[in-house]
Amino acid sequence: MKIALFTDLARSAFRRPVTERYPFEKRPAPPLYRGQVSWTAEGCTGCMLCVKDCPAEAIDFFTLDKANKRFVFRYHTDRCTFCGQCAYSCRFSCITLDDEAWELAGGDRAAFVVTYGRPEDIARVELEELPATGA
Amino acid sequence: MTRDLINLLFFPAGLGLIAAGLLYQWVDRKLLARFQNRLGPRWFQPFADALKLLGKEEIHPAGSSAFLFAALPVLALAGALTAALYVPLFGLAPVFSFPGDLIVTLYLMSLLTLCIGLAGAQTRDRFSLAGALRVFTQMFAYEAPFILALLSPAVALMLAGQPSSWQIGELVLSAAGQPWFLLTLPITFVVALVGLMGKLELPPFDAPEAETEIVAGALTEYSGRGLALFSLARAVELVVGLTLVTALYLGGIGAGPLAAVLFTAKTIGLLLIVVVLQTLLARLRIDQTVNLWWRLGSVLVLAQWLLLLIFRVLR
Amino acid sequence: MNAPATERFVVPIGPQHPALKEPGHFEFTVEGETVVDATVRLGYAHRGIEKGAEGRNWTQTLYLIERICGICSHIHSTAYAVGVEQLAEVEVPARAQAIREIICELERVHSHLLWLGVAAHDAGFDTLFMYTWRDRETVMDILETMSGNRVHYSANVLGGVKFDLTDESAVAILKGVEFLEERTHHYRKVVSEDAFFLQRTRGVGTMTHAEALALGVVGPTARASGVARDVRLDAPYVAYADFPARIQLLTAGDLEARFLARLDELLDSFRLIRVLVAGLPAGELTAKRMPRKLKPGEVISRVEAPRGELFYYIRSTGGEQPDRVKVRTPTLCNMGSVITQTIGHNLADVPMILVGIDPCFSCNDRAVTVRRAGDDNGRAWAWADLRRYGIDYYRRIRN
Ligand code: SF4
Ligand code: SF4
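Keep in mind that this is a model prediction, so the values were computed, not measured.

The rules behind the values
Residues numbered from 1 in each chain as written. Chains lettered and ligands numbered in written order. Predicted model: local features only at pLDDT ≥ 70, side-chain atom pairs only at ≥ 80, totals over all residues. Heavy atoms only, no water. Contact = heavy atoms within 4.5 Å. Salt bridge = Lys/Arg side-chain N within 4 Å of Asp/Glu carboxyl O. Polar contact = N/O pair within 3.5 Å; in protein donor to acceptor, adjacent residues only side chain to side chain. Helix = DSSP H or I, 4+ residues; strand = E, 2+ residues; numbered from the N terminus. Nonpolar A, V, L, I, M, F, W, Y, C, P; charged D, E, K, R; others polar. Buried < 20%, exposed > 50% of the residue type's maximum accessible area, 1.4 Å probe, protein only. Pairing = 2+ DSSP bridges. Axes fitted to C-alpha atoms, helices over the stretch in contact; angles between N-to-C directions. Buried area = accessible area lost by both parts, 1.4 Å probe.

### Observations concerning the interface of chain C and chain A
Move 1: Counting residues at the interface gives 32 residues for chain C, matched by 27 residues for chain A.
Move 2: Taken together, the connections running from chain C to chain A amount to two salt bridges.
Move 3: Counting every contact that joins chain C to chain A gives 14 residue pairs in polar contact (both at pLDDT 80 or more).
Move 4: Of the residues forming the side of chain C that touches chain A, the biggest block, nine residues, is contributed by helix H5 (residues 126-147) of chain C.
Move 5: Tallied by class, residues from the side of chain C that touches chain A come to ten nonpolar, twelve polar and ten charged.

This is the structure:
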């Protein structure tokens with residue numbers, strides 16, 4: 001008759017529980033962590049690779065004026081699977097996945113849609129209810 | 001009269017006992033969690049659970065007797081609460097006492113198990129049936145050694161020619177004048193404690209409610225109030241059982257307020273041992289439980305009694 | 001009791017049952033507590049992933065495939081990526097292949113530790129369950145640091161991997177592996193020595209070498225019965241040719257052997273991870289060019305998932321999308337053994353025997369239409385037919 005866990009028990013009895021007290025104590029995510037997507041217009045050529053390869057169709061892209069680089073990038077947090085393919089596909093590093101924005105649960109559906117772009121462009125997209133490019 | 005009522009309804013029996021039972025359950029869960037390196041529940045969790053269950057709708061399954069379905073949990077709790085009247089709760093003198101109450105208490109303690117078994121057997125659910133079968137099988141396994149082990153101190157006193165009795169109140173008083181029976185009857189002490197774990201269906205004797213095999217065993221169909229009453233009955237039984245083993249094996253009850261504190265501390269100490277065992281041991285299959293009790297448990301008790309007789313003859 | 005011990009009755013397990021972490025349906029005919037007959041029905045968690053793959057481009061499918069399993073996500077995407085790269089005739093750099101292998105092995109570590117906990121829980125040994133899952137956090141943290149996610153590492157892209165092994169990750173891996181190795185040795189002792197636990201595993205669910213061959217089981221389940229079958233050695237993929245695994249064979253074939261086979265595999269994985277980290281080849285992370293359109297062709301890709309051989313068939317008709325992706329997961333190969341092994345055992349052993357193959361239900365659920373040769377009854381179902389069928393079906397079972 002051998003009882004094998006005795007030493008573990010003795011050790012655990014005098015150890016702090018390992019359970020994380022999550023909402024009260026937060027552990028920072030590692031730098032590579034794939035959280036919410038953000039986009040900057042700088043360098044974007046409107047090639048649409050990010051849209052084509054997104055497995056979740058989480059990106060709507062609006063090309064207002066390709067020559068003058070007027071784009072609007074609408075991102076659906078609730079559809080995104082945080083795979084990072086968009087950031088990988090983009091050859092101009094316009095897209096990053098934020099390692100701090102990962103507590104994304106919410107009760108309001110509208111808040112999941114994040115639109116990036118110049119304010120006047122966004123206003124135009126919304127006002128005229130333009131269809132996404134390629135959609 | 002009022003004193004009796006207070007004793008009966010609030011302290012040490014009645015509501016006070018139920019509260020104590022839930023607190024003991026918390027100690028059990030908390031220690032188990034800590035031994036497993038988890039956080040564990042906060043102190044009010046068992047109370048919250050019981051309250052929540054009491055407030056929930058009870059669903060009565062088709063195909064079983066509505067009367068039995070409602071009556072069995074009440075009976076189980078009543079049995080456990082009645083058993084508590086004859087034991088020295090928290091080291092205080094038993095609320096009621098009469099010659100032979102030790103035997104009655106032991107049977108009242110089995111009432112809970114019987115009720116759980118019947119509750120399972122009278123529904124048509126397969127998991128309940130399988131659970132009930134296991135409850136009864138397990139009961140036949142541990143019951144005899146457990147009862148014999150709890151009778152051992154009285155028998156030992158008798159054989160030693162000391163004043164003895166089948167009355168718990170007197171027995172624990174004479175036990176107080178003796179060296180702890182834990183030292184003189186170590187084997188039956190172990191059997192009594194492990195038997196208590198069997199009675200309470202704690203691991204490794206939790207085959208009757210092994211969730212990965214038969215969901216919740218005999219109580220699968222219970223919800224709401226019925227389930228709450230059963231779990232309260234279990235909580236009460238935990239206190240009664242620990243009290244009984246402490247009173248009989250760990251030096252009876254003394255006098256004065258400090259004695260009560262000491263006694264309660266002893267029961268908690270026993271609970272600690274029980275939790276350690278729960279943590280360390282993997283669940284036994286029901287046939288293995290039966291084997292363990294008949295091959296080992298009974299033989300151990302008989303060996304202890306044989307030793308007693310030999311001592312008696314030698315003197 | 002309503003049922004005397006000699007009477008037979010059927011104990012249904014599932015589709016919803018605490019022993020099953022995923023839906024499946026088993027019916028065990030028992031006499032008393034002894035199982036005399038068993039049947040299984042799968043398919044409750046069919047998700048239509050194979051069909052879904054046909055509507056996505058090659059890259060999108062990679063991520064869909066990764067989501068077939070929440071435990072062995074990387075191995076699925078590796079199997080797919082390896083197959084697609086073969087179709088595209090793309091040479092993947094050695095460094096990328098080695099990084100894939102590191103993640104494969106880390107994933108095996110996390111999968112086996114997870115399994116050990118689940119198996120312990122099914123045996124009613126919750127303390128072991130808690131301890132193994134506590135220690136498993138170490139490898140989850142490593143994977144998270146390395147890749148950016150605890151479950152879906154998304155390490156693969158077609159033609160290579162997304163991220164490099166940084167020095168910090170290498171240090172974290174080596175440190176974690178050292179800790180886990182010590183713990184694994186300890187758990188190996190626990191499962192081979194603990195008296196109470198052994199009662200539940202030794203001599204239970206024994207499958208002989210011959211039976212294992214006849215049933216065609218795969219993975220640790222096969223290796224515990226002495227069947228030398230391991231794709232990592234039989235048909236090395238990614239970097240397994242340069243950094244070979246060592247096969248872990250046992251002969252007993254019972255549940256204890258299945259525990260030991262997996263724990264031995266863990267120890268070998270630790271060795272392999274160390275070798276890989278030390279000898280990681282230099283080079284690029286991705287192939288020079290990965291075409292978006294693939295030539296027509298078909299390919300079979302086999303890999304060793306933690307549960308056994310994982311099989312992919314991929315066909316291209318020359319477009320941006322796969323024409324067909326067929327996945328066969330190891331659970332399907334092993335499921336038959338559950339049915340044969342449980343017969344003659346105690347009902348209480350059933351969950352243990354089931355968990356012994358480390359089943360993963362939703363990964364193996366497929367919809368199948370059986371068409372007999374000669375009858376052309378295999379009509380296509382339109383949405384309205386399907387709806388009609390559903391309504392009729394439920395009306396029928398309600399009456
Ligand atoms: S992270 Fe993946 S799912 Fe999310 S937007 Fe980018 S490509 Fe789409
Ligand atoms: S891939 Fe990059 S450059 Fe191309 S459209 Fe997307 S953000 Fe712009």
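### Thoughts on the pattern of salt bridges
Side chains carrying opposite charge are able to pair once their charged atoms draw close together.
Move 1: Inspection of every chain in the model, using the stated rule, returns 41 salt bridges over all chains.
Move 2: Two residues, Asp121 of chain A and Arg70 of chain A, come together in a salt bridge whose shortest N-O distance is 2.9 Å. Taken together, the residues span a long stretch of sequence, with Asp121 of chain A in helix H4 (residues 119-128) and Arg70 of chain A in strand S3 (residues 70-76) at a distance of 51 residues.
Move 3: Given the relative accessible area of 4%, Asp121 of chain A is considered buried.
Move 4: Taking the shortest distance from any N to any O, the salt bridge between Arg134 of chain C and Asp135 of chain C comes out at 3.1 Å.

### Describing the sheet that holds strand S1 (residues 8-13) of chain C
Residues and elements named next belong to chain C.
Move 1: In space, the three strands of this open sheet follow the order S1-S2-S3, with antiparallel pairing throughout. The sheet terminates laterally at S1 and strand S3 (34-41), the two strands that pair on one side only. When the angles between neighbouring strand axes are averaged without regard to direction, this sheet yields 20°.
Move 2: Sheet topology note: the strand S2 (residues 25-31)/S3 ladder contains seven bridges and is antiparallel. Residue pairing for S3: Phe28 is matched across the bridge by Ala38.
Move 3: Together, S2 and S3 form the strand contacts of helix H12 (residues 330-342), whose direction differs from that of S3 by roughly 160°.

### Let's talk about the interface of chain B and chain C
Move 1: The interface of chain B with chain C comprises 27 residues on the first partner and 30 residues on the second.
Move 2: A buried area of about 2,700 Å², summed over both sides, lies between chain B and chain C, and 60% of it is on carbon and sulfur atoms.
Move 3: Contact with chain C buries surface across chain B, with Arg126, Thr212 and Arg285 of chain B losing the most and accounting together for 22% of the total.
Move 4: Counting across the chain B and chain C interface gives one salt bridge.
Move 5: Of the charged contacts, one joins Asp349 of chain C and Arg285 of chain B as a salt bridge, the two residues approaching to 2.9 Å between their closest N and O atoms.
Move 6: Along the contact surface separating chain B from chain C lie seven residue pairs in polar contact (both at pLDDT 80 or more).
Move 7: Looking at the side of chain B that touches chain C, the elements with two or more residues in it are helix H6 (126-159), helix H10 (211-214), helix H12 (257-280) and helix H13 (286-314) of chain B.

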